[in-house]
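Analysis of the macromolecular model
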Amino acid sequence: MSRQIAVGIDLGGTNIVTALVADDGEIIAIVSRRTDAARGAECVVGEMADTVNSLISDNSIALEDVVGLGIGTPGPLRLSKGYIHRPANLPGWENVPICQWLQEKTQLPVQLENDANAAAYAEYWVGAGKGSCDLVTLTLGTGIGAGAIIDGEILRGHFENAAEFGHTIVELDGRPCTCGQRGCLEQYASPGNIAKYAIEQIRKGSESSLGPVLKANGAFDSQAIAEAAQAGDSLADTIWDEACRYIALACVNVQHALNPEILVLAGGMSKAGDFLLGRVRQHFISRTWKIFEDKPRIVLSNLGSNAGVVGAAGVAWKAHRSGAACLNAATAE
Ligand SMILES: [Zn+2]
């Protein structure tokens, strides 16, 4: 028998990444296309299916050697129905029966998963949490996604949207969030929001080496803040450290809620490496329980931007091994 593969799709607001992934997590082939969400869900999903079908045939893989297709998408989701519900970064996509559509167009069993859960599953399966049964991933990207693996299973909760730690409230009556709450973690610690905050401070007159960068480029990202902070910029250091304090606060709360063995920091902000990890660990230790010695290990993702697509394929592999063919689409109405 030739080598079996699963297909993973990571559907983001900017790009759609599709990959063929072996049973050990190795990426056999990968393509990335821009997401043009405004063209409508049916059109975009049709193109996603075309990409899957041509990736399989271009790599000379027989359909019977494809164990399934997993897709990670932004929440909120109706997982048991196989629906994308109403994601903030895919405007107009409401109750999209994506599992059913993809299954009809690819003839593959399809598993839908929250993109942050898929990334967490990748870390558990082949990434920084390999060998652990209990881990939580915080994906510090445009927003803050989170996923929890408990006893080797993705934690979903009764309403199927568990582990949304990016929307845990860290400031009573704090900054308004896109989700409608106030004071959510992602308003204080996501890369996009800390860059926005730094830009506001400079426009209000704060001194910073990022001032000329802002003038020249009109914007900068969290990586520029990390670099400026490391070079001794006081404003950048204050803003970076504050974000790390909020992330550490979230880690303490996650520790007490779920007691994971490992906490993985992933997403764009983790590119700062030890400058992120060191600060978060330092604030975590100073704020966590003093009455109990065992603590989660806080580590960086080692899968980078491929965690989502590898995890989506991992979810398809998991369903194949457990015999749960087409779990979502089978119950779609
Ligand atoms: Zn929120």
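Another point: the packing of aromatic side chains. Per the stated rule, a full pass over the model turns up four aromatic pairs. Sitting over the face of the ring of Y197, R175 holds its NZ or CZ atom 4.7 Å from the ring centroid.

Grouped together as the largest cluster of nonpolar side chains are 48 residues, with contacts concentrated most on F220, I225, W240, I247, L276 and V280. Ranked by residues supplied to this core, first place goes to helix α8 (residues 234-258) with 13 residues. Here L276 is in contact with L140, W240, C244, I247, L265, M269, S270 and L300, once residues within four sequence places are set aside. In terms of nonpolar packing, the next biggest core, distinct from the first, is built from 33 residues, A37, W93, W101 and L108 among them.

Turning to the coordination of the zinc ion, a few remarks are in order. Octahedral six-donor coordination of a metal ideally yields angles of 90 or 180 degrees, compared with 109.5 degrees for tetrahedral four-donor coordination. With distances of 2.0 to 2.3 Å, the protein atoms coordinating the zinc ion are H167 (ND1), C177 (SG), C179 (SG) and C184 (SG). Each of the four donor atoms around the zinc ion contributes to a set of angles spanning 106 to 116°, which defines the coordination as tetrahedral. Counting gaps between the donor residues of the zinc ion yields the pattern H-x9-C-x1-C-x4-C.

Structurally, C179 can be placed in the loop between β10 (153-154) and α4 (185-189). Measuring from C-alpha to C-alpha, the distance between C179 and A88 comes to 8.2 Å, with 91 residues separating the pair along the chain. Not counting the four nearest positions on each side in its chain, C179 is found in contact with H167 and C184.

The next thing to look at is the domain arrangement of the protein. Domain annotation for the protein reports domain 1 (5-114 + 312-331) and domain 2 (128-302). Look at where the C-alpha atoms of domain 1 and domain 2 centre, and you get two points 28 Å apart. Across the contact, nine residues belong to domain 1 and seven residues belong to domain 2. Carbon and sulfur atoms supply 38% of the area that domain 1 and domain 2 bury against each other, a total of about 660 Å² over both sides. When the area that domain 1 buries against domain 2 is broken down by residue, the three leading residues are L79, E113 and K318, summing to 52%.

So, about unusual backbone geometry. Backbone geometry follows two general trends: most residues other than glycine have a negative phi, and most peptide bonds adopt the trans configuration. Omega for the bond connecting G75 with P76 falls within 30 degrees of zero, at 0°, which places this linkage in the cis form. Mapping P76 onto the fold places it in the loop between β4 (66-73) and β5 (77-78). The residue N95 is not glycine, and still its phi comes out positive at about 50°. Within the secondary structure, N95 sits in the loop between β6 (83-84) and α2 (98-106). Positive phi, close to 55°, is recorded for D173, a residue that is not glycine. Within the element layout of this structure, D173 appears in the loop between β10 and α4. D173 gets classed as exposed once you look at its relative accessible area, which sits at 66%.

This part covers the sheet that holds strand β3 (residues 27-34). Read from one edge of the open sheet, five strands run β3-β2-β1-β4-β7, paired in mixed fashion. Two strands close off the open sheet at either side, each with one partner strand: β3 and β7 (110-114). Taken pair by pair, the neighbouring strands of this sheet meet at an average axis angle of 15°, ignoring direction. Set on the sheet, helix α1 (residues 41-58) makes contact with β1 (5-11), β2 (15-21), β3 and β4; between it and β2 the angle comes to about 30°. Across the sheet, α2 is in contact with β1, β4 and β7; its angle to β7 comes to roughly 145°.

About the cut-offs
- Residues numbered from 1 in each chain as written.
- Predicted model: local features only at pLDDT ≥ 70, side-chain atom pairs only at ≥ 80, totals over all residues.
- Heavy atoms only, no water.
- Phe/Tyr/Trp six-rings, centres within 6.5 Å; stacked < 30°, edge-to-face > 60°.
- Lys NZ or Arg CZ within 6 Å of the ring centre and 35° of its normal.
- Core = buried A, V, L, I, M, F, W, Y, C linked by side-chain atoms within 4.5 Å.
- Buried < 20%, exposed > 50% of the residue type's maximum accessible area, 1.4 Å probe, protein only.
- Helix = DSSP H or I, 4+ residues; strand = E, 2+ residues; numbered from the N terminus.
- Contact = heavy atoms within 4.5 Å.
- Donors = N, O, S within 2.8 Å, 3.2 Å for Na, K, Ca; no water.
- Tetrahedral: all angles 85-135°; square planar, octahedral: opposite > 155°, others 65-115°.
- Domains from an automatic or database assignment.
- Buried area = accessible area lost by both parts, 1.4 Å probe.
- Pairing = 2+ DSSP bridges.
- Axes fitted to C-alpha atoms, helices over the stretch in contact; angles between N-to-C directions.

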